[in-house]
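Each chain, letter by letter, is given below.
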Amino acid sequence: MHLLPYDVNNKLSIIRYAQELKNQTLRIKCQPSDQNTKTNNKGSFGQILEKYYFLYEPNSNSEPDFIEVELELKSSPLKQLKKLNYVSKERLVLNIINYLTVVDEDFVNSSFWKKNKDLLLIFYLHESNKNFLDYQIKIVDEWIFPDIDLEIIKNDWVRIKQKIQDGKAHELSEGDTLYLGACTKGSKGGNLRAQPNASIQAKQRAYSLKQGYVNHIIASLTHKHPSYGKIISTLDVAKSSSIEEIVIAKFQPYYNKNITEILGILGISINQKAKNFYANLSKAILGISLNQEIEEFKKADIVVKTVRLKENFLPKEDISFPVFQYKDLVAEKWEESQIKDTLEHKFLFIFFQYEEQNLILKKVTFWNMPYQDILEVKKVWNKTKQVVLDGKIVKKIKINKDGKLTRLTNFPSKKYNAVAHVRPHAINASDTLPLPVKDKFTKSETYTKHCFWLNNTYVRDNIYKA
DNA sequence: GCATGATCATGC
DNA sequence: GCATGATCATGC
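Let me begin by describing the structure that accompanies this report. In this text, all values refer to a predicted model and were calculated from it rather than measured experimentally.

## As for the overall build of chain A
No. 1: When helices and strands are tallied, chain A shows 16 helices and 21 strands.
No. 2: A globule of 466 residues ought to have a C-alpha radius of gyration of about 23 Å, and chain A, at 25 Å, matches this closely.
No. 3: Taking the principal axes of the C-alpha coordinates as reference, chain A spans close to 85 × 60 × 50 Å.
No. 4: Considering only contacts in chain A between residues 6 or more positions apart, those separated by 24 or more positions represent 65%.

Shown next as structure tokens:
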């Protein structure tokens with residue numbers, strides 16, 4: 001046993017030693033002489049950090065890395081937005097969930113809590129053109145969960161455990177929970193594990209902190225907090241009810257009232273033409289100032305969607321998602337795909353309905369996509385990928401009466417799948433992105449921007465009606 | 001009346 | 001200039 005440059009029995013000495021890494025790189029601060037420094041694997045940074053800076057062998061123990069002081073070391077990548085403004089590049093992945101044993105745990109003696117109640121976080125700036133040894137280390141600090149966050153995290157942990165207890169480990173989704181998620185872990189998400197109350201094997205998953213929550217940690221540690229407004233302001237409230245219950249209770253008094261009436265009751269006037277009108281209306285109802293972000297929504301990566309229903313309850317429009325890059329789409333695996341990631345978020349739907357000329361608030365509902373439906377979207381994603389790879393986007397071109405051209409495509413339509421479809425989402429037909437394979441019909445190397453859409457019938461039957 | 005392709009508008 | 005929410009147009 002060689003002498004360590006820090007005292008394993010003294011947490012402060014470990015943190016101080018860690019903080020010497022600030023504004024340095026692994027190449028400068030340690031002398032790795034290992035063949036795995038050549039590979040730029042996801043885990044490489046953490047392994048070299050442990051082995052050549054903290055001088056212990058990387059392990060997968062269920063105990064925290066610095067067991068004497070119960071401190072767990074985690075390193076994680078940042079990306080830079082504007083000057084000096086860092087956000088997390090991804091979720092922070094913690095320990096793997098053992099489906100067989102978690103069902104016998106309580107939160108306080110859970111593997112999650114034992115390992116992660118006190119974190120030593122090392123954030124480095126990820127730059128794709130660099131070797132990981134040359135990443136700049138930007139933030140080194142201890143993180144202990146604030147009590148008010150911890151109530152939500154406990155709640156999340158209980159939800160994850162409950163789903164496993166119900167024999168639904170294979171149906172877990174990050175969208176099930178708010179701050180603490182169950183994210184897939186393992187090569188291509190393909191690793192399978194046994195679960196206690198069902199014979200079907202489940203994908204291996206780990207506890208993880210949502211990207212939005214990690215952004216909150218980063219902002220806290222760097223004192224660069226955006227202006228936040230809280231929905232849950234005291235620990236008492238956090239203990240007695242969930243965020244979802246509180247939000248719904250705040251909206252309920254306005255059900256079946258039209259927008260003018262709601263604004264009247266709130267005693268505010270906001271520009272109804274503004275693009276952020278619905279976001280502002282929601283903030284006003286939740287009691288948050290317009291210039292503030294909703295803290296809990298940001299931390300939980302909640303996606304808010306406003307839907308206007310026609311009088312027959314069918315949403316007037318389908319729901320769009322971000323445009324995809326054709327080249328990225330064909331290169332990605334389903335498990336790491338952009339659309340799966342988006343659909344594993346938690347959503348807040350705000351439903352209005354047209355009555356005469358007025359829009360009436362009908363209801364709000366938190367929702368995340370059930371596992372079976374995510375598998376349906378996988379079919380749509382697969383088909384889309386195949387069409388692009390085959391260079392068979394355009395099926396035929398029609399000439400309209402006015403001489404304009406309409407291109408019929410092979411992309412999966414509403415008829416192809418009951419959950420989602422693929423449609424243009426562009427300024428016009430000449431607003432395009434490069435194709436990985438030239439389209440056989442048009443001979444073009446680009447095509448109009450497209451994205452995935454949720455079918456309005458799906459929204460009506462599975463989100464509004466449900 | 002709806003599905004599909006196409007386009008508009010606004011805020012950052 | 002782009003991302004995103006919103007809307008239009010046409011033909012079946």
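What follows continues from the structure just given.
## Considering the protein's contact with DNA strand B
No. 1: Around DNA strand B lies a shell of 23 residues, among which Lys275, Ser413, Lys414, Asn428 and Ala429 are the nearest.
No. 2: It is strand β17 (residues 405-409) that contributes the most residues to the surface near DNA strand B, four residues altogether.
No. 3: Residues that form the surface near DNA strand B fall into these classes: eight nonpolar, ten polar and five charged.

## Concerning helix α7 (residues 211-222)
No. 1: The terminal C-alpha atoms of α7 lie 16 Å apart, and with twelve residues this matches the ideal 16 Å at 1.5 Å per residue to within 8%.
No. 2: All of the buried residues along α7 are Gln211, Gly212, Tyr213, Val214, His216, Ile217 and Ile218.
No. 3: Two residues or fewer past α7, His223 is found with a positive phi of approximately 55°.

## Considerations on the protein's contact with DNA strand C
No. 1: Inspection of the region around DNA strand C gives Tyr278, Thr306, Lys316, Glu317, Ser320, Pro322, Val323, Asn400, Lys401, Asp402 and His425 as its neighbouring residues.
No. 2: Here the surface near DNA strand C is composed, by residue class, of three nonpolar, four polar and four charged.

## Section: the environment of Lys310
No. 1: Relative to the helices and strands, Lys310 is located in the loop between β12 (303-309) and β13 (319-320).
No. 2: Residues Lys310 and Tyr354 lie 44 residues apart in sequence; the distance between their C-alpha atoms is 5.6 Å.
No. 3: Beyond its immediate chain neighbours, meaning those up to four positions away, Lys310 contacts Lys316 and Tyr354.

## What to know about the sheet that holds strand β1 (residues 72-80)
Strand-to-strand pairing in sheets goes through backbone hydrogen bonds, with the strands running parallel or antiparallel.
No. 1: Sheet architecture is open: four strands sit in the order β2-β1-β4-β5, paired in mixed fashion. Edge positions in the sheet fall to β2 (86-88) and β5 (137-144), since each has one partner strand and no second. Between one strand axis and the next, the sheet turns through 35° on average, direction left out of account.
No. 2: Summarising the sheet, strand β4 (residues 118-125) and β5 pair through seven bridges and their orientation is antiparallel. In the sheet register, Ile122 faces β5, and the bridge partner there is Val140.
No. 3: Running over the sheet, helix α1 (residues 11-19) touches β4 and β5 and is turned about 0° from β4.
No. 4: Of the strands in this sheet, β1 and β4 touch helix α3 (residues 44-53), which is tilted by about 135° from β1.

## Focus on the nonpolar core
No. 1: Counting 90 residues, the largest nonpolar core has Phe45, Leu49, Ile122, Tyr124, Tyr179, Val377 and Ala420 as the members making the most contacts within it.
No. 2: Discounting chain neighbours no more than four positions away, the residues touching Tyr124 are Phe45, Ser75, Pro77, Leu78, Tyr135, Gln136, Ile137 and Lys138.

## Comments concerning the sheet that holds β12
No. 1: The three strands are arranged β12-β14-β15 in an open sheet whose pairing can be described as mixed. Each edge of the sheet is formed by a strand with only one pairing partner; in this case those strands are β12 and β15 (358-367). Taken over all neighbouring pairs, the strand axes of this sheet differ in orientation by 20° on average, direction set aside.
No. 2: When β12 meets strand β14 (residues 347-355), the two strands line up parallel, connected through seven bridges. Each residue of the ladder has a partner; that of Val307, found in β14, is Phe351.

## A word on the pairing of β17
Along a regular strand, successive side chains alternate from one face of the sheet to the other.
No. 1: In this sheet, β17 lies alongside strand β16 (residues 394-399) in antiparallel orientation, the contact comprising five bridges. In the sheet register, Ile397 faces β17, and the bridge partner there is Arg407.
No. 2: Linking two consecutive strands that pair antiparallel, namely β16 and β17, is a turn of five residues; a positive phi of about 90° is found at Gly403 within it.

## Examining the environment of Gln211
No. 1: Its location among the elements puts Gln211 in helix α7.
No. 2: Assessed through the 20 C-beta atoms surrounding it within 10 Å, Gln211 is described here as buried.
No. 3: A sequence separation of 97 residues divides Gln211 from Arg308, and the C-alpha atoms of the two residues are 29 Å apart.
No. 4: Beyond its immediate stretch of four places on either side in the chain, Gln211 contacts Ser88, Glu90, Arg91 and Asp301.

## Here's the deal with unusual backbone geometry
The phi angle of most residues is negative, glycine excepted, and most peptide bonds adopt the trans form.
No. 1: With a phi close to 60°, Leu55 is a non-glycine residue in the positive phi region.
No. 2: Locating Leu55 in the fold gives a position in the loop between α3 and β1.
No. 3: Residue classification places Leu55 among the partly exposed positions, given that 13 C-beta atoms sit within 10 Å.
No. 4: In this model, Glu70 sits at a positive phi of 50°, which is unusual for a non-glycine residue.
No. 5: Relative to the helices and strands, Glu70 is located in the loop between α3 and β1.

Analysis parameters
Numbers given for residues are sequential positions, taken from 1 along each chain in its written order. To label them, take the chains in the order written and letter them from A, then take the ligands in the order written and number them from 1. For this predicted model, a pLDDT threshold of at least 70 governs which residues receive local features, and a threshold of 80 or more governs which side-chain atom pairs are given and counted, while totals over whole chains, interfaces and linings are taken from all residues. In this description a helix means any DSSP run of H or I spanning at least four residues, a strand means any run of E spanning at least two, and both kinds are numbered starting from the N terminus. Atoms counted for the radius of gyration: C-alpha only. Globule rule: 2.2 Å times residue count to the power 0.38. We call two residues in contact if the C-beta atoms placed from their backbones are at most 7 Å apart. Working rule for contacts: place C-beta from the backbone, and if it is within 6 Å of a molecule or strand, that residue counts as near it. Nonpolar residues are Ala, Val, Leu, Ile, Met, Phe, Trp, Tyr, Cys and Pro. Charged residues are Asp, Glu, Lys and Arg, and all others, Gly as well, are polar. Here the expected span of a helix is defined as 1.5 Å times the quantity of residues minus one. Counting other C-beta atoms within 10 Å of its own, a residue is labelled buried from 20 upward, exposed at 12 or fewer, and partly exposed in the gap between, with every C-beta atom placed from the backbone. Pairing between two strands is assigned when DSSP locates at least 2 bridges connecting them. The axes are straight lines fitted to the C-alpha atoms, using for helices just the contacting stretch, and the angles between their N-to-C directions are given from 0 to 180°. Joined through C-beta atoms within 7 Å, a set of buried Ala, Val, Leu, Ile, Met, Phe, Trp, Tyr and Cys residues constitutes a nonpolar core.

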